[in-house]
Every structure is written in C-alpha cells, then in structure tokens.
Amino acid sequence: RIHQHCKNEFLTMGKATKTEAPKHPRFYPAEDVKVETKFKVRQNPPKIRASITPGTVLILLAGRFRGKRVICLKALESGLLMVSGPYQINGVPLRRVNPAFVIATSTKVDVSKVKLSKYDDTYFGRDKTTKKEGEEEFFMGDAPKPAVVSDQRKADQKEVDTALMKVVSSTEMLEGYLAALFTLTNHDKPHLMKF
Amino acid sequence: MPEKRSPRLHVDGAILGFKRALRTQNNKISLIKIKGCDSKDGVDFYLGKKVAFITKGTVADKYGNKFRVNWGKVCRAHGANGAVRCKFSRPLPPQAIGGKVRIMLYPSRV
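Residues numbered from 1 in each chain as written. Chains lettered and ligands numbered in written order. Predicted model: local features only at pLDDT ≥ 70, side-chain atom pairs only at ≥ 80, totals over all residues. Heavy atoms only, no water.

Looking now at the overall build of chain A. If you tally the helices and strands in chain A, you get six helices and five strands. Listing every helix and strand of chain A by position from the N terminus yields α-β-β-β-α-β-β-α-α-α-α. Looking at chain A as a whole, 30% of its 195 residues are labelled buried. In chain A, once contacts between residues fewer than 6 apart in sequence are set aside, the share between residues at least 24 apart is 64%. Total accessible area on chain A is roughly 15400 Å²; 55% of this is exposed by carbon and sulfur atoms. (Helix = DSSP H or I, 4+ residues; strand = E, 2+ residues; numbered from the N terminus. Buried < 20%, exposed > 50% of the residue type's maximum accessible area, 1.4 Å probe, protein only. Contact = heavy atoms within 4.5 Å. Areas by Shrake-Rupley, 256 points an atom, 1.4 Å probe, with all protein chains shown as cover.)

Written out as structure tokens, the structure reads:
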C-alpha cells in the first residue's frame, strides 16, 4: 500500500512543469452558488409545416370536432393554429388547434381581409380566476362542467365569420365542402390520398 | 342526405404477432398489418402514427366509457409488404394475435 503523498511524488517525478495546487478561498458562501454556463439554451419559435398557411382548409383528426373541415386563420406564437369553421357552416368556433392533429388540404382561401391581429394565445387561454374550489364544487365531484361562452367571444366570432363568409360564398362549392365531414370509407387508402 | 354520426378517422390493422425469431420472441414490439398498405413505400405515411388497441372493461370511467385503450405507435416498417412494427405502452396480450387495432391518422405530417 502506497501512501497518497508518496504516490503523488512518484507520479510527478517525470513531469517537467510544477503545477500549483488550487488556492481555496478562506470564505465561501453557505449555499452553493450556481455557476452561470456560457452557452444559454435558446428556444426557437415553433415551426409549422409548409402545407399549413393562413387560409388553408384543414381536416381535424381528433377532439370534439373530428372530421370537420375548417379554415386555418393564423399560426399563434405557441405553435398552435387559430381556426374557425366558420361557426354557422359547421359549428366550429374560433379555436386553437394543434397542427399534429390536422391534415392540411390543398384548398386555400383568401383570409387577408379578415382582421386577426388581436387574437393570440392569451385570448384563448383558460380563465385563471375560476380555479378556486369552494366546498360546493368539491362535493359535486369530477363531472364535466358546461362551457359558458362569453359575449365577447360571440361578438368576435360574428365579426370574423362575416368577413370569412364573403370569401366562402364567393367560391364555388366551398360552403358545402366545409359543411361535409371527412371520413374514411371502404377501399380508402390514406397513404395514397392527395389531400 | 342523412348526416353521418361519427366519421372514421383511423385505418384498421391486424395484429400479426410479436417480433420474433424462430424460437424466441420479443413481445414488447408487435407486428401489425395495415389494411390497404401492401408495400414498404406505403408505410412511410404511417410512421409515427398513434395506434390504439381497444378493449372493453366492465367498470365505466367518469365519462361513462367502458372502453380501454392501450396506445402505441408505428415505429418502422417490417419487411417489404406493408407490415409494420409497433410499440405499445403495455405489451399486447398474446390472445390479441389475429385481432384488430386502429391506426389513427395523427400525428399528422401531411
């Protein structure tokens, strides 16, 4: 058994340079201080596939409105897509939709005339004020609560849809197309379909 | 025209068995035959798609559903004739071999 200092001497025997032992400061903070890394992780804005542009007709694949064909209005900062039926055609309101659960068709509609600047993720975000659980709610259990649509939403829906309907009704067959559900039937092969 | 109630947004698949050699098998990976897909070129569309193995239980969940789902996903092609390897969250039960599975159309890359 070799003692550590003998081992060190033995190891440093052949070395030309003499390395200094690191000097430990007399005082150091009681809590560990996190060392700042040089390279900070930068989150890139979410990328949306090229087939989805504002005005593309999308097929919703999952969720409450599965099978419906809707118009993509814009891409939000979180990467979700803002979508509208229009509501009067197929019952899909102004809504966010995840692009992974959507098929983009080649049908495109001009939505440049629709005012969409005020819609962003915070507009669609859940109400944080209604989270308080009183005793009554606790006893009611986990039953899903009916959604209450605010008047502001209804007004915004109407505003967007009147602008959309102008474009939709001017295009041939588009209204019927948006009203129809997408479904797979016998002998349909989605890997061979051109959407 | 009568309104259709719920659209079919999945493709049916048949469970062929587990990934195996002649005498040993790896039951974590199942082999699935996608209906309508008969060549390796067709499989590219289905890669990454979610697969659902659906069974019926007796106890209803809070929404009244008695159906239970074992979710999996299409991992890669298996062979040249359109079969596919899938990995489920729980390995499929062996009595399911020959049974049905639903290959959903999401996550969509179209």
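Structure shown, so let's carry the discussion forward.
Turning to the sheet that holds strand β1 (residues 56-60) of chain A, a few remarks are in order. All names here are of chain A. Spatial strand order, β4-β3-β2-β1-β5: five strands in an open sheet with antiparallel pairing. Looking along the sheet, the strands with just one partner apiece sit at the ends: β4 (95-97) and β5 (102-108). Adjacent strand axes in the sheet meet at a mean angle of 45°, parallel and antiparallel pairs treated alike. As judged from the four bridges shared by β1 and β5, these two strands associate in the antiparallel manner. Bridge pairing links Thr56 to Lys108 in β5. Relative to the sheet, helix α5 (residues 151-170) contacts β2 (69-75) and β3 (81-84), its axis offset from that of β2 by approximately 115°. (Pairing = 2+ DSSP bridges. Axes fitted to C-alpha atoms, helices over the stretch in contact; angles between N-to-C directions.)

What follows covers unusual backbone geometry. Excluding glycine, residues mostly have negative phi values, and the peptide bonds linking residues are mostly trans. Residues A:Gly85 and A:Pro86 are joined by a peptide bond in cis, for which omega reads 0°. With respect to the helices and strands, the residue A:Pro86 is situated in the loop between β3 and α2 (87-90). Note that the residue after B:Tyr106, namely B:Pro107, is joined by a cis bond; omega there is -5°. Of note, B:Pro107 is situated in the segment after β6 (100-104). Not every positive phi belongs to a glycine, and A:Met173 is a case in point at roughly 65°.

In this section: the pairing of strand β5 (residues 83-88) of chain B. Residues and elements named next belong to chain B. Of all the six residues making up β5, five are buried; the element is thus mostly covered by neighbouring parts of the structure. For strand β2 (residues 25-34) and β5, the ladder comprises five bridges, and the chain directions are antiparallel. Within the sheet, the bridge partner assigned to Leu31 lies in β5 and is Arg85. Summarising the sheet, strand β4 (residues 67-78) and β5 pair through six bridges and their orientation is antiparallel. The residue of β5 that forms the bridge with Arg76 is Arg85. Where β4 folds back on β5, the antiparallel hairpin that results is connected by four residues, among which Gly79 adopts a positive phi of roughly 80°.

This paragraph deals with the pattern of salt bridges. All names here are of chain A. Counted by the stated rule, this structure contains three salt bridges over all chains. With a shortest N-O distance of 2.5 Å, Lys118 and Asp156 are connected by a salt bridge. Residue Lys118 is located in the loop between β5 and α3 (121-124), and its partner Asp156 is located in helix α5; the two are separated by 38 residues in the primary sequence. Residue classification places Lys118 among the partly exposed positions, given a relative accessible area of 41%. (Salt bridge = Lys/Arg side-chain N within 4 Å of Asp/Glu carboxyl O.)

Once that is clear, we can look at the nonpolar core. Among the nonpolar cores identified, the biggest contains 30 residues, and B:Ile32, B:Phe88, B:Val101, B:Ile103 and B:Leu105 are the most heavily contacted of them. Among the secondary structure elements, those contributing two or more residues to this core are β1 (10-20), β2, β3 (50-56), β4, β5 and β6 of chain B. Setting aside anything within four residues of it in sequence, one finds B:Ile103 in contact with B:His10, B:Val11, B:Asp12, B:Gly13, B:Ile32, B:Ile34, B:Tyr46, B:Lys49, B:Lys50, B:Val51 and B:Val74. Listed in part, the 22 residues of the second largest apolar core include A:Met82, A:Val109, A:Tyr123 and A:Leu178. (Core = buried A, V, L, I, M, F, W, Y, C linked by side-chain atoms within 4.5 Å.)

By the definition in use, this model includes five aromatic pairs over all chains. Each ring, one from A:Phe101 and one from B:Tyr106, has its centre 4.9 Å from the other, and the planes form 45°; the classification is tilted. Of this pair, A:Phe101 sits in the loop between β4 and β5 while B:Tyr106 sits in the segment after β6, which puts the two residues in different chains. Residue classification places A:Phe101 among the partly exposed positions, given a relative accessible area of 31%. With a relative accessible area of 11%, B:Tyr106 lands in the buried category. For the pair B:Phe45 and B:Tyr46, a centre-to-centre distance of 5.0 Å together with 85° between the ring planes defines the contact as edge-to-face. Ring-pair connections join several aromatic residues into one group, and the members of that group are A:Tyr119, A:Tyr123 and A:Phe124. B:Lys49 extends its terminal NZ or CZ atom over the ring of B:Phe45, reaching a point 4.8 Å from the ring centre. (Phe/Tyr/Trp six-rings, centres within 6.5 Å; stacked < 30°, edge-to-face > 60°. Lys NZ or Arg CZ within 6 Å of the ring centre and 35° of its normal.)

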